[in-house]
Every structure is written in C-alpha cells, then in structure tokens.
Amino acid sequence: MATHQKIANTERKIKQAFIFLTESKGIDRMTVSDITKYANINRSTFYSHYQDKFMMVDHFENEILAHIKNLMKDNLADTMKYQDVSSGKPHTYPVVDKIIQYIASEFDMIRVLLGSNGDNRLEEKVKELLTKIIDADLFRLKGEMRMTKQIPNNFSHEIIVSGLMSVIKVWLAEGNPDSPEEISDIIMKTRYMSPFQLLGIDE
C-alpha cells in the first residue's frame, strides 16, 4: 500500500511539473532535468516511470483520449436528436455533460496540451477520434456514414468537429470562467443554430 502511494505521489509531482513547464517553457524546450528539478525527484525516479520526455507526453495524451473514447462509447444513445433551441434551454446530451465534466477535472493538463506551448498533435488526435465515433453513431442511426448531400462529407465532418473543439479551446484559453454546465449548454445550442442565427440579426 505504501509503495502504491509513493508511486501515485511521484506521478502527481511529475504531472504538476509537466503542466507548469509546458505553460512556462513549452514541450519542445522542456528537458527531463527541468522536470526532475521542479518535481524534486531524482532522474532515476523519472526514468523508472517514463522512458523519456516523449513517452511521458504520449502517456498523458493517451489517458485523455482513452477517457473521451470510453465516455463517448457508453453515452451515445440520446445523441443526434433534433431540438428547437428557439424556445429556450435545450436538453443536454449525457455524453456532452460527461466529456465537459471530465475536461473540467483535468482542466490544467488539457489546457496546456492544447495551448500554444503544447502538442498540436493532440487536437488532431481528438478530432480524428470524434470523427470516427460520429461516423459509428451515424451508421447506427442511418445504416450509413453519409452526412448531408448538400456538401461533401469531409467538409461536414470538419464543420462539426472543429466547432466542438473551438468552443472547448475558447473555454480553456479563458481559464475556466464558465461552469461545465454553461459550456455544455453553449455546445448544445451551437449544434442546432445556424451561423446566421448565431449572428443574432433577427433578434
């Protein structure tokens, strides 16, 4: 039990050091020496956890992707049902609530990874994951992965997935001024409002 707690404490120190150093120096400029110094651990301790800096980054990112994948896999039943948001607050999909709550629980880690000093590969990995899951849910509902016939599929995917990522990135960049519930509500409304409606011209 004591050994498990010691490992957990070391992981926490490394994680805190990574978040601080990513924000202050960036992943590219960060070194293992920086991490061990800030975390107050020996180099041998770091290497007992991770082969190198890049394996550490992969570990953090894979944890995030695995959580999002599991949340989406288990909570998609109520998605893709049209709602008229003009009448007020839309019903929030459980999967949206759970993902936003997860991001809130790992806010600083996800914020620095998706920030300018982070790893731009993570955003592409998340978008790829979201695209695959959207396609799977479309097939469940329609028997095919084809979206609207009005524009090519690749554009439809990009509009939907990038829209979701943009809301999350604005939230992260602003340092969490809005609650997870408010962000879920914003995401749901933007799923059913056209760009023209978002401009508020007819209000």
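Please read these numbers as outputs of a predicted model, since none were measured by experiment.

### Overview of the environment of Lys-149
Next up, step 1: Looking at the element boundaries, Lys-149 is found in the loop between helix H7 (120-142) and helix H8 (153-173).
Next up, step 2: Sequence separation between Lys-149 and Thr-92 is 57 residues, and the spatial gap between their C-alpha atoms is 27 Å.

### Some words on the nonpolar core
Next up, step 1: Membership of the largest hydrophobic core comes to 53 residues, with the highest contact counts inside it found for Phe-18 and Met-56.
Next up, step 2: Secondary structure elements with two or more residues in this core: helix H1 (2-24), helix H2 (32-39), helix H4 (53-74), helix H5 (94-105), helix H6 (107-114), H7, H8 and helix H9 (180-192).
Next up, step 3: Per element, the largest residue contribution to this core is eight residues, and it comes from H4.
Next up, step 4: Residues contacting Phe-18, with those up to four places away along its chain left out, are Ile-27, Met-30, Met-56, Val-57, Phe-60, Met-109 and Leu-113.

### Concerning the packing of H6 against H8
Next up, step 1: At a minimum axis separation of 10 Å, H6 and H8 run at an interaxial angle of 110°. When the axes of H6 and H8 are compared, the pair comes out roughly perpendicular. Only Met-165, Lys-169, Trp-171 and Leu-172 of H8 make contact with H6, whose side of the interface consists of Phe-107, Ile-110, Arg-111 and Leu-114.
Next up, step 2: For the contact of H6 with H8, the class distribution of residues is six nonpolar, no polar and two charged.

About the thresholds
Residues numbered from 1 in each chain as written. Predicted model: local features only at pLDDT ≥ 70, side-chain atom pairs only at ≥ 80, totals over all residues. Heavy atoms only, no water. Helix = DSSP H or I, 4+ residues; strand = E, 2+ residues; numbered from the N terminus. Core = buried A, V, L, I, M, F, W, Y, C linked by side-chain atoms within 4.5 Å. Buried < 20%, exposed > 50% of the residue type's maximum accessible area, 1.4 Å probe, protein only. Contact = heavy atoms within 4.5 Å. Axes fitted to C-alpha atoms, helices over the stretch in contact; angles between N-to-C directions. Parallel < 35°, antiparallel > 145°, perpendicular 65-115°, else oblique. Nonpolar A, V, L, I, M, F, W, Y, C, P; charged D, E, K, R; others polar.

All we've got here are geometric facts, nothing functional implied.
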